[in-house]
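# Secondary and tertiary structure notes
For reference, the chains in residue letters:
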Amino acid sequence: MTTRTSIVRTRFAPSPTGYLHIGGARTALFAWAYARHHAGQFILRIEDTDVARSTPEAVQAILDGMQWLGLAHDEGPFYQMERMDRYREVIGQMLAAGTAYHCYTSIEELDALRAEQEANKEKPRYDGRWRPAPGKTLPAIPPGCSPVVRFRNPADGVVAWDDLVKGRIEIANAELDDFIIARADGTPTYNFCVVVDDSDMQITHVIRGDDHVNNTPRQINLLQALGAPVPRYGHVSMILGDDGTKLSKRHGAVSVMQYEENGYLPEAVLNYLARLGWSHGDEEVFSLEQFVAWFDLDHITASAAQFNTEKLNWLNAHYIKLADDARLGGEIVRRLVKEGVPAGKVPDPALIAALYKDRVVNLNELADCAHPFYASVQASEELTAQHLTAPAQAALAELRTRLANVAWVAAELAQALKATLAATGLKMPQVAIPLRVALLGQPQSPAIDRVLAVLGREETLRRLDQILA
RNA sequence: GACCCUAUCGUCUAGAGGCCUAGGACAAUACCCUUUCACGGUAUGAACCGGGGUUCGAAUCCCCGUGGGGUCGCCA
C-alpha cells in the first residue's frame, strides 16, 4: 500500500450504441461505489468514436439510466469525438518517436492473411510486414493508398498486472500484434483513445467488464510507450441471463430503463446488482449508503453470475413495503394515466398505496390494484355467476341499507358488515367475497372494510346500486 | 483453432488449511396466522465438477482433465 495520499479516480466509459444495459449498470455501480468509498472522483466518458453506430438518443438513454439509478458523476461527460485534436497530437508524437508506424496493407490483403492463418488453425494476427526494423527493406509504398498507423508492440516478454478482482494475469507479447491505432482516414481507434483518455484524465482504477481483459495488455504496452503511469485494473465478470446464457434482448429486460418501466424501484435494482457478484458476509438487504461504506474489490466474484429475476422481485417487494405512500401514490397515478385511466386525487392514491403496498411485487401491479378505484371494473361473467348469487345479492342489499347511514371509517364499516352477517346468518367470506366482486370486479382484496373506507361512501353505494338494480 | 478467465445447494453467495456434521438469501415444500388473496412467521429438503498430488489435516494450496465464459476487426 502506498503511503502517498493519491486520490482515487474511476470512470465509466460506455459507447453510445444502445441503451444502458444491466451489466453496464453494474460495472458503473462498482466503479462509482469504489470512488465514493475512497472519497475519490467518478468520471463519465462517452466513447463515441464509432460514428456509424453512435447516436444522441443512446447518449441520452445512458444519461437517463445513470440518473434513475442515482449514480452521479463528478466530471464529464467527456465525449471522445471532441478530443480528436488531442488524439492526433499523440499519434504524431508516437510516429516521431518510432513507437508507431505507417502500414499500407490493404483491407483485402488483411482479409487474405486472416483467411490463410485461420486455414492453418493459427491465431489471426498482423504479420508485421510494414514494421520497420534495422536492416529491413520495407515494401514499396502502393500509390493512392493512405496508410493506417500501427502501434509497435514489444516483440517479446510478457505483460502482467495484478487484477483487482481476478488476481495476477500474464500475457505473452508474442500473443499480441501491432494493432491499428489510427484508421486510414486518420480517426483513432478504441484501444488508443482509451489509453490517452485514462492517462489524461488521471484515472487510477479502471473497473470494467471482463470482456476487456484481452485489451488490457495492449493498453498497458501503449501506456508504457507513452511513458504514462499504468492504472490498476479490475475486471468484473459478466452477467448471464436467467438461463445461464449470454444476456441478450431475448431475455426480456436488459435495459435499465426497462426495469423502471416494468415497475422496479431503483433502490431494489441497485441492491440486487450490488449483491450480484459481490458480497459482504451474509448481508442481503442494504442501502446505497451502506453499500458504499462496505464496498471493496476484494469480495467481487471472479466468475460470471446468472441473473435471477425472482430475487430481484423479492427485493423490489421489500423496498415497495418500505417506500413512502405519497411516492407510491405518485407512481400509481403516473402509470395509470399513461394507460388512459383517469387516476387522480379521489380516492387519495397514497391511501390506495398503503392498502396494497405489502402485497405487490412491482409498481405496475400496484397500479393494477389501484385501477378499480378510479374506474369501475366489470367482473367477468364467470365471477358474477359464481359469487353474485341470489342469496349473496340479498346480503349485499341488506348491507347497502346499513352502509347508507354509517360513519365512513373502517371500524364502523366492519361493524356494519358484522351486523349484516348476524342478520343473514352468513359467514364473513360469504358476504365479503361477493362484495369484492361487486365493488372491484375481483374476489380478492385487502381487508374489505379498509377497501370500503378508501373507496368512499358515494362510489361504494353507486357501485352496489348498479349491481342490485 | 489459439490465448485468457472461471468452477460450493436450481440461483446469488459465505468460506483466506483445522471453527464445515459446509452458513445465509431467493426459489421450492409443509405448517401457522387470516375476512378472501397476499403479506408475515416457523420448519424441511437441497451443493464443495472429476482425478491426482502437497499436508498430521483440503471446499480452501498445486497439477491434469472436464464443463462454462470471454477475446482473437481500419467495432467499442
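Data block above holds the structure.
Now for a description of the structure that goes with this document. (Residues numbered from 1 in each chain as written. Chains lettered and ligands numbered in written order. Predicted model: local features only at pLDDT ≥ 70, side-chain atom pairs only at ≥ 80, totals over all residues. Heavy atoms only, no water.)

An ideal rise of 1.5 Å per residue puts 20 Å on 14 residues; helix α3 (residues 84–97) measures up with 20 Å between its terminal C-alpha atoms. Regarding α3, the residues found buried are Met84, Tyr87, Val90, Ile91 and Met94. Projected down its long axis, α3 carries its buried residues within an arc of 125 degrees, all on one side. Opposite the packed face of α3, turned more than 90 degrees from it, sit the exposed residues Asp85, Ala96 and Ala97. Looking at the buried side of α3, the elements it contacts are β4 (100–103), β5 (148–151), β8 (180–182), α5 (190–200) and α6 (216–226). (Helix = DSSP H or I, 4+ residues; strand = E, 2+ residues; numbered from the N terminus. Expected span 1.5 Å × (residues − 1). Buried < 20%, exposed > 50% of the residue type's maximum accessible area, 1.4 Å probe, protein only. Arc of directions from axis to C-beta. Contact = heavy atoms within 4.5 Å.)

On any regular strand, side chains alternate: one points to one face of the sheet, the next to the other face. Residues Val148 and Arg150 point to one face of β5 and Val149 and Phe151 to the other, with burial holding for every one of them. Pairing analysis gives four bridges linking β4 to β5, with the strands arranged antiparallel. The partner of His102 across the bridge, within β5, is Val149. Two elements, β5 and β8, share two bridges in a ladder whose sense is antiparallel. Residue Val149 lies in a different strand from β8, and its bridge partner there is Ala182. (Pairing = 2+ DSSP bridges.)

Quick look at the environment of Ala184 now. Locating Ala184 in the fold gives a position in the loop between β8 and α5. For Ala184, a relative accessible area of 42% translates into the label partly exposed. Residues Ala184 and Glu122 lie 62 residues apart in sequence; the distance between their C-alpha atoms is 26 Å. Apart from the residues within four sequence positions on either side, Ala184 is in contact with Ser146, Pro147 and Val148.

With that settled, consider the protein's contact with RNA strand B. With respect to spatial proximity, 58 residues lie near RNA strand B, and among them Asp50, Arg183, Gly277, Arg359 and Ser445 are the closest. Among atoms of RNA strand B positioned within 4 Å of the protein, sugar and phosphate together represent 67%. Here a phosphate oxygen of RNA strand B sits 3.2 Å away from a polar atom, N or O, in the main chain of Tyr190. Side-chain polar atom of Thr301 to a phosphate oxygen of RNA strand B: 3.5 Å apart, as the coordinates give it. Of all elements in the fold, only α4 (107–119), β7 (167–172), β12 (305–306), α10 (309–322), α17 (428–440) and α18 (448–455) reach the threshold of two or more residues within the surface near RNA strand B. Of the residues that constitute the surface near RNA strand B, the class distribution is 21 nonpolar, 15 polar and 22 charged. (Near = heavy atom within 4 Å. Polar contact = N/O pair within 3.5 Å; in protein donor to acceptor, adjacent residues only side chain to side chain. Nonpolar A, V, L, I, M, F, W, Y, C, P; charged D, E, K, R; others polar.)

Among the six residues in strand β2 (residues 41–46), five count as buried, and that is most of the element. Alignment of strand β1 (residues 9–12) against β2, held across four bridges, turns out to be parallel. Bridge assignment links Phe12 to a residue of β2, and that residue is Leu44. As paired elements, β2 and strand β3 (residues 75–79) share three bridges and run parallel to each other. The partner of Arg45 across the bridge, within β3, is Phe78.

We now examine the pattern of salt bridges. If you walk through the whole model with that rule in mind, you get 32 salt bridges. A single salt-bridge network, built from bridges that share partners, covers Arg11, Arg45, Glu47, Arg83, Arg86, Glu89, Asp197, Asp198 and Asp200. (Salt bridge = Lys/Arg side-chain N within 4 Å of Asp/Glu carboxyl O.)

With that settled, the discussion passes to the packing of aromatic side chains. A full pass over the atoms with the stated rule returns 15 aromatic pairs. Through pairs of rings, three or more aromatic residues link up here, namely Phe30, Trp278, Phe286, Phe291, Trp294 and Phe295. Across the ring face of Tyr126, the terminal group of Arg150 is positioned such that the distance to the ring centre comes to 3.5 Å. (Phe/Tyr/Trp six-rings, centres within 6.5 Å; stacked < 30°, edge-to-face > 60°. Lys NZ or Arg CZ within 6 Å of the ring centre and 35° of its normal.)

Once that is clear, we can look at unusual backbone geometry. Cis rather than trans, the peptide bond between Gly76 and Pro77 has omega equal to 0 degrees. Examined against the element boundaries, Pro77 turns out to sit in strand β3. That bond from Val346 to Pro347 is cis: its omega, -5 degrees, falls within 30 degrees of zero. Tracing the backbone shows Pro347 in the loop between α11 (325–338) and α12 (349–356). The phi angle at Ala39 is positive, at roughly 55 degrees, despite the residue not being glycine. Topologically, Ala39 is positioned in the loop between α1 (22–37) and β2.

Across a sheet, strands are paired by hydrogen bonds formed along the backbone, either parallel or antiparallel in direction. In spatial order, the strands read β4-β5-β8; together these three strands make up an open sheet with antiparallel pairing. This sheet does not close on itself; its edge strands, each paired only once, are β4 and β8. Looking at each pair of strands side by side, their axes are set apart by 45 degrees on average, direction ignored. Against the sheet, α3 contacts β4, β5 and β8, and its axis sits at roughly 95 degrees relative to β4. (Axes fitted to C-alpha atoms, helices over the stretch in contact; angles between N-to-C directions.)

Glancing now at the layout of surface pockets. Volume-wise, the largest pocket comes out at about 1,100 Å³. Every residue lining the largest pocket is counted, 39 residues in all, and those nearest its centre are Ser15, His21, Gly24, Asp211 and His212. Elements supplying a minimum of two residues to the lining of the largest pocket: β1, α1, α5, β9 (205–209) and β11 (239–240). Tallying contributions element by element places α1 first for the lining of the largest pocket, with four residues. Each residue belonging to the lining of the largest pocket can be placed in one class, and the counts come to 15 nonpolar, 13 polar and 11 charged. (1 Å grid on protein atoms, 1.4 Å probe; cavity = no way out; pocket = protein on both sides within 12 Å on 5 of 7 lines; lining within 4 Å. Points joined across faces, edges and corners; volume = space filled by probe spheres on them.)

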